[in-house]
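Summary of the model geometry
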Amino acid sequence: QVQLVESGGGLVQPGGSLRLSCAASGFTFSLYAMYWHRQAPGKDRELVAVITRTGSSTNYADSVKGRFTISRDNAKNTVYLQMNSLKPDDTAVYYCYTQIGGSIKYWGQGTQVTVSS
């Protein structure tokens, strides 16, 4: 079955960096775009970044442009989110996501990122 397992979250000071990973299994990873979303307390889940199946194109929410970088390693079935210059507003649970067959959506369990001094 399809599984998405995030890791790499934690507590970091403002201005710091973290790299999130999402290990995928149960489907042909290289055929699908991959996404990172996040949900802060009391807020709706929002799209953070997306990467095409080959990694040739990426897109970001305005709030993270220039600070976050999404990448993938199709040989390792893993997508990454490098987060630099972190701010308290980046505090959220970060989720890996993909959509297979045009309509079937899969989410990971999420990883908590807390930015605080």
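Worth saying up front: this structure is predicted, and the values here are computed from it rather than measured.

Let's shift gears to the state of the cysteines. Throughout the structure, instances matching the rule amount to 1 disulfide. Here Cys22 connects covalently by a disulfide to Cys96, the sulfurs 2.1 Å from one another. For the disulfide bridge between Cys22 and Cys96, the dihedral angle about the S-S bond is near -80°, and by the sign convention the bridge is left-handed. In this pair, Cys22 sits in strand β3 (residues 18-25) while Cys96 sits in strand β9 (residues 92-100), placing the two residues 74 residues apart along the sequence. Owing to a relative accessible area of 0%, Cys22 belongs among the buried residues under this scheme. With a relative accessible area of 0%, Cys96 lands in the buried category.

Moving on, we get to the sheet that holds β3. What the 4 strands build is an open sheet, ordered β1-β3-β8-β7; its pairing is antiparallel. The two strands at the open ends of the sheet, each matched to only one other strand, are β1 (3-7) and β7 (68-73). Sheet twist, expressed as the mean angle between neighbouring strand axes with direction ignored, is 15°. With 6 bridges connecting them, β7 and strand β8 (residues 78-83) associate as antiparallel partners. Bridge pairing links Phe68 to Met83 in β8.

Conventions and cut-offs
- Residues numbered from 1 in each chain as written.
- Predicted model: local features only at pLDDT ≥ 70, side-chain atom pairs only at ≥ 80, totals over all residues.
- Heavy atoms only, no water.
- Disulfide = S-S within 2.5 Å.
- Helix = DSSP H or I, 4+ residues; strand = E, 2+ residues; numbered from the N terminus.
- Buried < 20%, exposed > 50% of the residue type's maximum accessible area, 1.4 Å probe, protein only.
- Pairing = 2+ DSSP bridges.
- Axes fitted to C-alpha atoms, helices over the stretch in contact; angles between N-to-C directions.

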